[in-house]
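Below are the chains, spelled out letter by letter.
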Amino acid sequence: QVHLVESGGGLVQAGGSLKLSCAVSGSAFRVNLMGWYRQVPGHQRELVAIFTTSVTTKYAGSVKGRFTISRDNAKNTVSLQMNSLKDDDTAVYYCAGDRVGDRSPDTWGQGSQDTVTS
């Protein structure tokens, strides 16, 4: 069974930084780790930063210039460095993976609650 295991995140003051990491666990098949989404209660899950190809990335407009996505192909991990955090960044962050190979997320991490305080 495939598991995407997230680590990092937590509580930080506005203007601070957090780093999220995600790794694949328990799978005999390769999962393409796409990147990160986030969700606030009462709202739809939204894209934060993903790899659209092996080298190209896509960011939400609200995080451009503040967040950086990276990957380690040898370890099959993906990370999200979040700087200059704002209150609006408070959300549950989910690692997303693609098993089918259609570049659409179909596998999710357990979610990481990241809270930014003023």
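Here, every reference points to the structure presented above.
Here goes a summary of the coordinates provided.

Quick word on the packing of aromatic side chains
Point 1. For the structure shown, the criterion picks out one aromatic pair.
Point 2. Aromatic pair Y37 and W108: ring centres 5.2 Å apart, planes at 80 degrees, arrangement edge-to-face. Placement of the pair is Y37 in strand β4 (residues 32–39) and W108 in strand β10 (residues 107–108), with a sequence separation of 71 residues.
Point 3. When the ring centre of Y94 is taken as origin, the NZ or CZ atom of R45, which lies over that ring, is 3.7 Å away.
Point 4. The ring of F51 has R71 lying over it, and the distance from NZ or CZ to the ring centre is 4.3 Å.

Examining the state of the cysteines
Point 1. The final tally for this structure, using the stated rule, is one disulfide.
Point 2. Note that C22 is cross-linked by a disulfide to C95, the S-S spacing being 2.0 Å. Where C22 bonds to C95 through sulfur, the torsion about that S-S bond is close to -85 degrees, and the disulfide is left-handed. Here C22, found in strand β3 (residues 18–25), pairs with C95, found in strand β9 (residues 91–98); they are 73 residues apart in sequence, far enough to count as distant.
Point 3. C22 gets classed as buried once you look at its relative accessible area, which sits at 1%.
Point 4. Looking at C95, the relative accessible area reads 0%, which means it is buried.

Things to note about the side chain of N76
Point 1. With respect to the helices, strands and loops of the structure, N76 is situated in the loop between β7 (67–72) and β8 (77–82).
Point 2. When its relative accessible area of 16% is taken as the criterion, N76 is described as buried.
Point 3. Look past the residues within four positions of N76 in its chain and what remains in contact with it is C22, A23, V24, R30, V31 and L33.

What to know about the environment of Y37
Point 1. Taking the relative accessible area as the measure of exposure, Y37 reaches 12% and is therefore buried.
Point 2. Distance in space between the C-alpha atoms of Y37 and D87 is 17 Å, their sequence separation being 50 residues.

As for empty space enclosed by the protein
Point 1. The tally for this structure, following the rule as stated, stands at one cavity of 30 Å³ or more.
Point 2. In this structure, the largest cavity occupies an estimated 50 Å³ of space.
Point 3. Lining the largest cavity, in full, are R30, N32, L33, R71, D72, N73, N76, T77 and V78.
Point 4. Every element with two or more residues in the lining of the largest cavity is listed here: β4, β7 and β8.
Point 5. Looking at side-chain class alone, the lining of the largest cavity contains two nonpolar, four polar and three charged residues.

The rules behind these values
- Residues numbered from 1 in each chain as written.
- Predicted model: local features only at pLDDT ≥ 70, side-chain atom pairs only at ≥ 80, totals over all residues.
- Heavy atoms only, no water.
- Phe/Tyr/Trp six-rings, centres within 6.5 Å; stacked < 30°, edge-to-face > 60°.
- Helix = DSSP H or I, 4+ residues; strand = E, 2+ residues; numbered from the N terminus.
- Lys NZ or Arg CZ within 6 Å of the ring centre and 35° of its normal.
- Disulfide = S-S within 2.5 Å.
- Buried < 20%, exposed > 50% of the residue type's maximum accessible area, 1.4 Å probe, protein only.
- Contact = heavy atoms within 4.5 Å.
- 1 Å grid on protein atoms, 1.4 Å probe; cavity = no way out; pocket = protein on both sides within 12 Å on 5 of 7 lines; lining within 4 Å.
- Points joined across faces, edges and corners; volume = space filled by probe spheres on them.
- Nonpolar A, V, L, I, M, F, W, Y, C, P; charged D, E, K, R; others polar.

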